[in-house]
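A structural walkthrough
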Amino acid sequence: MGMVEAAHNVKVLGSGEQVIVLAHGFGTDQSVWKHLVPHLLDDFKVVLFDTMGAGTTNPDYFDFERYATLEGYAYDLLAILEELQIFSCIYVGHSVSAMIGLIASINRPDLFTKTLLLSGSPRYLNDAEYYGGFEQEDLDQLFEAMRSNYKAWCAGFAPLAVGGDMDSVTVQEFSRTLFNMRPDIALSVAQTIFQSDLRHILGLATVPCHIIQSMKDLAVPVAVSEYLHNHLGSDSVVEVMSSDGHLPQLSSPDIVIPVLLRHIRHDIA
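Nothing here was measured: the structure is a model prediction, and the numbers come from that model.

Turning our attention to the overall build of the chain. A tally of regular secondary structure across the chain gives 10 helices and 7 strands. Over its C-alpha atoms, taken along the principal directions, the chain stretches across nearly 50 × 40 × 35 Å. Here the chain, with 269 residues, has 55% of them falling under the buried criterion. If you take every contact in the chain between residues at least 6 apart in sequence, the share linking residues at least 24 apart comes to 76%. With an accessible surface of roughly 11400 Å², the chain has 53% of that area assigned to carbon and sulfur atoms. When the 15 positive and 33 negative side-chain charges of the chain are each reduced to one mean point, those points stand 4 Å apart.

Structural data, given as structure tokens:
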């Protein structure tokens, strides 16, 4: 195993010709895909990894300067593909990893046959004629809560993000992976994500994009998926699912897994 693979806990499963790369979002790790992976193993080669800063990665490897922008993560993704000698893949990115994959696909479109953007947003802050869902004051309060008592913040944020019952297994699972992050790293990653604005690069996309999200999502209003669809330079399609929450692949697998499988197997006509 190479250095990049080891640092990101890369796992390669399945035996198909076509490669699928699954990338998780903030506060989770590759375990977020546990309901999807079994459905892929017979037909695809599946690549799982943890983004730097996840609680499963070595915090000593987290470079605060490198990961102050999402480009740092996109270069990690490309380095993983290079080390594994993957020359073509279907990419499924959740939350911030949707945008990380978009950046990577703009830099190296030859490596991606299509991207599935699950619960992704190019900008979380509201702006003139753009609704991202948050005001700066909201984000400042979120960052301050993380700074002052990270454990308490995790306990409050997890049920809001999942959109489910406080005692649900999904809330407990997200709380666990969120709490596994080192607090200073979690704050830095959250600031990078929530203050990012990638609207200016959307028109540069050439790889087909499948935009998928929940009807109700604390972090990503439905208007964002329409914005992506209207501004991406590549062919795109939108599907808004009846699921609730920002981690629908965990909280509503019965709804979400068939949708993801359909988009993985079928290209935009």
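Taken N-terminus to C-terminus, the directions of helix α5 (residues 150-162) and helix α6 (residues 169-179) make an angle of 140 degrees; their axes are 9 Å apart at the nearest point. As summarised for this structure, α5 and α6 are arranged oblique, according to the angle between their axes. Handedness of the crossing formed by α5 with α6: right-handed. On the side of α5, the interface is formed by Tyr150, Lys151, Trp153, Cys154, Phe157, Ala158, Pro159, Ala161 and Val162, while α6 contributes Thr170, Val171, Phe174, Ser175, Leu178 and Phe179. Taken together, the residues that form the contact of α5 with α6 break down as 12 nonpolar, 2 polar and 1 charged.

Our focus in this paragraph is the side chain of Glu173. Inspection of the secondary structure puts Glu173 in helix α6. Here Glu173 falls in the buried class, since its relative accessible area comes to 13%. Among the polar contacts made by the side chain of Glu173, one reaches the side chain of Lys34 at a distance of 2.9 Å. In this structure Glu173 touches Ser31, Lys34 and Leu250, once residues within four positions along its chain are discounted.

Let's shift gears to the sheet that holds strand β2 (residues 19-23). Here we have 7 strands laid out as an open sheet, ordered β1-β3-β2-β4-β5-β6-β7, and mixed in their pairing. Looking at which strands have only one partner, the edges of the open sheet turn out to be β1 (11-14) and β7 (236-244). Taking the axes of each pair of neighbouring strands and ignoring which way they run, one obtains an average angle of 20 degrees across the sheet. The pairing of β2 with strand β3 (residues 45-48) spans 4 bridges and is classified as parallel.

This part takes up the environment of Asp63. Note on placement: Asp63 falls in the loop between β3 and α2 (71-83). Spatially, the C-alpha atoms of Asp63 and Gly53 are 9.0 Å apart, while their sequence positions differ by 10 residues. A polar atom in the side chain of Asp63 sits 3.1 Å from the backbone nitrogen of Arg66.

All right, on to the environment of Gly203 then. With respect to the helices and strands, Gly203 occurs in the loop between α7 (183-194) and β6 (209-216). Since its relative accessible area comes to 52%, Gly203 is described here as exposed. A C-alpha to C-alpha distance of 4.8 Å links Gly203 and Leu232, two positions 29 residues apart in sequence. Setting aside residues up to four positions removed in sequence, Gly203 forms contacts with His231, Leu232 and Gly233.

Counting residues in hydrophobic clusters, the biggest one holds 94 residues, and the most contacted among them are Leu22, Trp33 and Phe112. Apart from residues no more than four positions distant in its own chain, Phe112 is found in contact with Leu77, Leu78, Leu81, Cys89, Tyr91, Ala104, Ser105 and Val207.

Next up on the list: the environment of Ile193. Within the fold, Ile193 resides in helix α7. For the pair formed by Ile193 and Ile255, sequence separation is 62 residues and the distance between their alpha carbons is 27 Å.

The next thing to look at is α5. The end-to-end C-alpha separation of α5 is 18 Å, in line with the 18 Å expected for 13 residues at 1.5 Å each. Of the residues making up α5, those classed as buried are Tyr150, Trp153, Cys154, Phe157, Ala158, Pro159, Ala161 and Val162. The inward-facing, buried residues of α5 abut α4 (136-148), α6, α7, β7 and α9 (248-251).

The final tally for this structure, using the stated rule, is 11 salt bridges. Here Asp110 and Arg108 are joined by a salt bridge, their closest N and O atoms 2.7 Å apart. The class for Asp110 is partly exposed, based on a relative accessible area of 47%. Given a relative accessible area of 36%, Arg108 falls into the partly exposed group. Among the salt bridges present, the one from Asp184 reaches Arg182, with a minimum N-O distance of 2.8 Å. With relative accessibility at 38%, the residue Asp184 sits in the partly exposed group.

Thresholds, definitions, all that
- Sequence order sets the numbering: in each chain, residues are counted from 1 along the sequence as written.
- In keeping with the predicted nature of the model, local features appear solely for residues at pLDDT of at least 70, side-chain atom pairs appear and are counted solely at 80 or more, and the whole-chain, interface and lining totals rest on all residues.
- For side-chain calculations, the full set of non-hydrogen atoms in the structure is used, while hydrogens and water are omitted.
- By the criteria applied, helices consist of DSSP H or I runs no shorter than four residues and strands consist of E runs no shorter than two, each listed in order from the N terminus.
- Summary of the burial criterion: residues with accessible area below 20% of their type's maximum are buried, those above 50% are exposed, and those between are partly exposed, where the area comes from a 1.4 Å probe applied to protein chains only.
- In this analysis, two residues are considered to be in contact whenever any of their non-hydrogen atoms come within 4.5 Å of each other.
- Note that accessible areas follow from Shrake-Rupley with a 1.4 Å probe, and for residues the cover is restricted to the protein chains shown.
- Here Asp and Glu are counted as negative and Lys and Arg as positive; His is not counted, and neither are the chain ends.
- Where a charge lies is defined by one atom per residue type, namely NZ (Lys), CZ (Arg), CG (Asp) and CD (Glu).
- In this description, a line fitted to the C-alpha atoms serves as the axis of each element, helices being fitted only across the stretch in contact, and the angle between N-to-C directions of two axes falls anywhere from 0 to 180 degrees.
- In these notes the angle categories are as follows: under 35 degrees is roughly parallel, over 145 is roughly antiparallel, 65 to 115 is roughly perpendicular, and the rest is oblique.
- Crossing handedness follows the turn of the near helix against the far one: under a right angle anticlockwise gives a left-handed crossing, and clockwise gives a right-handed one.
- Lys, Arg, Asp and Glu make up the charged group, whereas Ala, Val, Leu, Ile, Met, Phe, Trp, Tyr, Cys and Pro make up the nonpolar group; the residues left over, Gly among them, are polar.
- In protein, a polar contact requires one atom able to donate a hydrogen and another able to accept it; more generally it is a pair of N or O atoms within 3.5 Å, and residues adjacent in sequence count only if both atoms are side-chain atoms.
- For two strands to count as paired, DSSP must find a minimum of two bridges between them.
- Among buried residues, the Ala, Val, Leu, Ile, Met, Phe, Trp, Tyr and Cys ones that are joined through side-chain atoms within 4.5 Å form a nonpolar core.
- In this scheme, a helix's expected span is set at 1.5 Å multiplied by one less than its residue total.
- Salt bridges are defined as contacts in which a side-chain nitrogen from Lys or Arg sits within 4 Å of a carboxyl oxygen from Asp or Glu.

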